[in-house]
Amino acid sequence: MRGRVYNIEGRTIFLAPEQTVCFGCMTRECARERGRKPCLIVAENRTGRSLSPGQVVETETRSLVPQTLLSLLPPFGGFVVGFALAGVFFPVSGDGARGAVGIAGLFLAGLAVYAARKRFPDKSRIHIVRVIQP
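Anyway, here's the lowdown on the structure attached to this text. (Residues numbered from 1 in each chain as written. Predicted model: local features only at pLDDT ≥ 70, side-chain atom pairs only at ≥ 80, totals over all residues. Heavy atoms only, no water.)

Here we look at the pairing of strand 2 (residues 12–17)
Here is step 1 of the chain: Where burial is concerned, most of strand 2 is hidden: 6 out of the 6 residues are buried.
Here is step 2 of the chain: Alternating residues of strand 2 divide into Thr-12, Phe-14 and Ala-16 and Ile-13, Leu-15 and Pro-17, and every residue in both groups is buried.
Here is step 3 of the chain: Counted along the chain from strand 1 (residues 2–9) to the antiparallel partner strand 2, the turn is 2 residues long, and its residue Gly-10 has a positive phi close to 70 degrees.
Here is step 4 of the chain: Relative to strand 3 (residues 41–44), strand 2 is paired through 4 bridges, and the arrangement is antiparallel. Bridge pairing in strand 3 places Thr-12 opposite Glu-44. (Buried < 20%, exposed > 50% of the residue type's maximum accessible area, 1.4 Å probe, protein only. Helix = DSSP H or I, 4+ residues; strand = E, 2+ residues; numbered from the N terminus. Pairing = 2+ DSSP bridges.)

Dropping the structure here:
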């Protein structure tokens, strides 16, 4: 990802992405919190490059597989557990009722993942790999 250096605080670099929309929040939360200021991404300057505001830099590309698994597996598991438990506790219920309980489990597990990520956000930071425009 490419971004323009917005602010520097020690090894922590705040970047304004070159793309117009932040896909993390679709720019809604950033606009609410910061008014008209750009959506900022926090990066780390691990190599100690000398940077200044206004420079365009490139950051590492992360694999989306771990994030995808952490986001999708718990709701899927919630559906399976809800479907199975409905069959255990209500053996005469049909597939429709078991499916409804499974969908409720899916939403509850999805809500739990959302609440956990809001309360305990990911602490790892992307890092800058090269300077594109000095």
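Still to come is the rest of the account.
Concerning the pattern of salt bridges
Here is step 1 of the chain: What the rule picks out here adds up to 3 salt bridges.
Here is step 2 of the chain: We note a salt bridge from Arg-11 to Glu-44, for which the minimum N-O separation is 3.8 Å. Here Glu-44 lies in strand 3 and Arg-11 lies in the loop between strand 1 and strand 2, a separation of 33 residues in the sequence.
Here is step 3 of the chain: In this structure, the salt-bridge partner of Glu-44 is Arg-46, at a minimum N-O distance of 3.6 Å. (Salt bridge = Lys/Arg side-chain N within 4 Å of Asp/Glu carboxyl O.)

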